[in-house]
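Take a look at the letters that make up each chain.
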Amino acid sequence: MRILLDVDEVLLDSLKHMLHTLNVDPETIEWEGWDVYLVLEEMGYSPRLISQSIPWWKSVPEVPGAFESIQALRMMSGVEVIFLTSLWDAQGWFTERVRRLTMEFGARNQDIIFAGDKSLVDGDVFVDDKAEALHAWKERHPHGRPLLFDALNNQPEHNYKVVAGLQRVMDWEGLLEKLLAWHQIGFKK
């Protein structure tokens, strides 16, 4: 079973960290669009300036349970964990992203894929916080299983039509439980 894991909001809590850094209450954001950083800029904040800071990237906290769950998945025979992340236009981001994935999550270089269009990457399961990415991936991989990882930016009350039809996992405990069950019954596309 090849599991594709998005990084931001699935492994690293960058959105909550950005809102905390800017001292922005999530309730004040109009979540119509999914580019929260663009929305923050429209509100007069400078998230892209903050994201140029290597110390800021180093301080982004892990999503609770991510490390332990990835270790458990890696212990299972027949499971391949791939870290699938979009590129950021931020100085030092690439180096810090690779460092964190390799040093903190045990990724090997071949386990990390940078892609603007994640639907181009084949896998059995794709876990992301962005519904649009999951829908595009499912269209190219109709037998794959997309899972929407619960995050601030994908709540159904903000844009129900976009998240409709996707299976949501609330946290790493729920995600690991689902993946273990699929592994035990023999994952079939």
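1. Section: the overall build of the protein chain
Helix and strand counts for the protein chain stand at nine helices and six strands. The C-alpha atoms of the protein chain give a radius of gyration of 16 Å, which matches the 16 Å a tight globule of 189 residues would have. Along the longest, intermediate and shortest principal axes, the C-alpha atoms of the protein chain span 50 × 40 × 30 Å. Across the 189 residues that make up the protein chain, the buried fraction comes to 49%. Taking the contacts inside the protein chain whose residues are at least 6 apart along the sequence as the reference set, 63% of them involve residues at least 24 apart. Accessible area of the protein chain: about 9600 Å², with a carbon and sulfur share of 54%. Separation of charge centres in the protein chain, based on 19 positive and 30 negative side chains, amounts to 7 Å.

2. Comments concerning the pattern of salt bridges
The tally for this structure, following the rule as stated, stands at 12 salt bridges. Measuring nitrogen to oxygen at the nearest pair gives 3.1 Å for the salt bridge that ties R100 to E104. One end of the pair, R100, and the other, E104, are both in helix α6 (residues 93-105), four residues apart, so they sit about a helical turn from each other. Since its relative accessible area comes to 4%, R100 is described here as buried. Classification of E104 as partly exposed rests on a relative accessible area of 22%. With its nearest N and O atoms 2.7 Å apart, the salt bridge here joins R168 to D150. Placement of R168 in strand β6 (residues 167-169) and of D150 in the loop between β5 (145-149) and α8 (160-163) is noted, with a sequence separation of 18 residues between them.

3. Re the side chain of D6
Tracing the sequence through the fold places D6 in the loop between β1 (2-5) and α1 (14-22). Reaching out from D6, the side chain makes a polar contact with the side chain of K118 at a distance of 2.7 Å. Excluding residues that lie within four positions of it along the chain, D6 makes contacts with L11, L84, T85, K118, V127, D128 and D129.

4. Here we look at the nonpolar core
Counting residues in hydrophobic clusters, the biggest one holds 46 residues, and the most contacted among them are L5, L11, L73, F83 and W172. Sorting elements by how many residues they give to this core places helix α9 (residues 172-185) first, with five residues. Other than its neighbours up to four places away in sequence, L73 contacts I3, V79, V81, W172, L176 and L179. Among the nonpolar cores identified, the runner-up in size contains 12 residues, and L4, L84, A115 and L166 belong to it.

The rules behind these values
Residues numbered from 1 in each chain as written. Predicted model: local features only at pLDDT ≥ 70, side-chain atom pairs only at ≥ 80, totals over all residues. Heavy atoms only, no water. Helix = DSSP H or I, 4+ residues; strand = E, 2+ residues; numbered from the N terminus. Rg over C-alpha atoms; globule rule 2.2 N^0.38 Å. Buried < 20%, exposed > 50% of the residue type's maximum accessible area, 1.4 Å probe, protein only. Contact = heavy atoms within 4.5 Å. Areas by Shrake-Rupley, 256 points an atom, 1.4 Å probe, with all protein chains shown as cover. Lys, Arg positive; Asp, Glu negative; His and termini not counted. Charge placed at Lys NZ, Arg CZ, Asp CG, Glu CD. Salt bridge = Lys/Arg side-chain N within 4 Å of Asp/Glu carboxyl O. Polar contact = N/O pair within 3.5 Å; in protein donor to acceptor, adjacent residues only side chain to side chain. Core = buried A, V, L, I, M, F, W, Y, C linked by side-chain atoms within 4.5 Å.

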